[in-house]
Amino acid sequence: ICCMIRSAAAILFLLYFICNTKLGSAKMYLWDLAFLTGAILMYRALPTLIPTFDILTDYQEVVTQGHHGVNILTILVSVAPAVLALVIAPKIHQDDRITTVAAHMSIINALIYIAGSMDVYIARFALFTDIFVVIFLSRVFKYFKDKYGILKPLTVILYSLIALYRMGGSYYSFNFVW
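Residues numbered from 1 in each chain as written. Predicted model: local features only at pLDDT ≥ 70, side-chain atom pairs only at ≥ 80, totals over all residues. Heavy atoms only, no water.

## Comments concerning helix α6 (residues 97–115)
Part 1: Between its terminal C-alpha atoms α6 stretches 27 Å, which fits the 27 Å expected from 19 residues at 1.5 Å a residue.
Part 2: Counting buried positions over the 19 residues of α6 gives 15, a clear majority of the element. (Helix = DSSP H or I, 4+ residues; strand = E, 2+ residues; numbered from the N terminus. Expected span 1.5 Å × (residues − 1). Buried < 20%, exposed > 50% of the residue type's maximum accessible area, 1.4 Å probe, protein only.)

Below is the structure:
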């Protein structure tokens, strides 16, 4: 479906392999590391690949001149659900495929934003995975005991505030560099 909107989404087919690993397993961490490394290496190789293969010529100026990374708040907001996914992983039932896939995609979303700290151009791919964070958060609360009852309304409030902040236009500020 994403490919019908944007052809660049074709790269997300690689995520099939990550989402079919056990959440929190060594294999998952290896796939995630490979994904992050591949994203960084591909971005670093683009300035050479664009003129050589005459592809993505519209973006040549963007990738050769570079930009600042995404806002630090963007990274922190994306990492929080990924950490939650890793913490709650042992409690997620193996037959709950929707929550498992959404948890994997939340981790991928965080990795994309972490890679996006180099350049906001990379972070654009997170638009394809942002929805899975919302799906994950909407489903994960059934795995918490009642003593964490405040977590669900607090998450809704905080993510609503982040949504308002995003609509303000400064969320993807080009002002953060490691």
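From this point, things continue past the structure.
## Observations concerning the nonpolar core
Buried together is how nonpolar side chains tend to be arranged in soluble globular proteins.
Part 1: Of all hydrophobic cores here, the largest spans 38 residues; its most connected members are Leu23, Ile88, Ile92, Ile107, Ile108, Phe136 and Val140.
Part 2: Put simply, the parts of the chain that give this core at least two residues each are α2 (15–19), α3 (26–53), α5 (72–88), α6, α7 (120–123) and α8 (130–140).
Part 3: Ranked by the residues each element gives to this core, the list is headed by α6, at 10 residues.
Part 4: Every residue in contact with Ile92, bar those within four places of it in the chain, is listed here: Leu23, Thr99, Thr100, Ala103, Phe136 and Tyr143. (Core = buried A, V, L, I, M, F, W, Y, C linked by side-chain atoms within 4.5 Å. Contact = heavy atoms within 4.5 Å.)

## A closer look at the pattern of salt bridges
Part 1: By the definition in use, this model includes two salt bridges.
Part 2: With a shortest N-O distance of 3.3 Å, Lys142 and Asp96 are connected by a salt bridge. Within this pair, whereas Lys142 is found in the loop between α8 and α9 (151–167), its partner Asp96 is found in the loop between α5 and α6, the two being separated by 46 residues in sequence.
Part 3: Overall, Asp96 belongs to the buried group, its relative accessible area being 8%.
Part 4: If you follow the salt bridges from partner to partner, you end up with Asp96, Arg139 and Lys142 in one network. (Salt bridge = Lys/Arg side-chain N within 4 Å of Asp/Glu carboxyl O.)

## So, the confidence of the model for the protein
Part 1: Mean pLDDT over the protein stands at 78; residues scoring 70 or higher make up 74%.
Part 2: Across residues 171–178, where pLDDT falls below 50, the model places 32 contacts with residues more than four positions away in sequence or in other chains. (pLDDT = per-residue confidence, 0-100.)

## Observations concerning the packing of aromatic side chains
Part 1: Tallying each qualifying case throughout the model produces three aromatic pairs.
Part 2: Taking 5.5 Å as the distance between ring centres and 80 degrees as the angle between the ring planes, the aromatic pair formed by Tyr16 and Phe17 counts as edge-to-face.
Part 3: Judged by its relative accessible area of 56%, Tyr16 is exposed.
Part 4: Classification of Phe17 as partly exposed rests on a relative accessible area of 42%.
Part 5: Ring geometry for Phe125 against Phe128: centres 6.4 Å apart, planes inclined by 50 degrees, an arrangement best described as tilted.
Part 6: Relative accessible area serves as the criterion here: at 15%, Phe128 is assigned to the buried category.
Part 7: Feature note: the residues Tyr16, Phe17 and Trp31 constitute an aromatic cluster, connected by ring pairs. (Phe/Tyr/Trp six-rings, centres within 6.5 Å; stacked < 30°, edge-to-face > 60°.)

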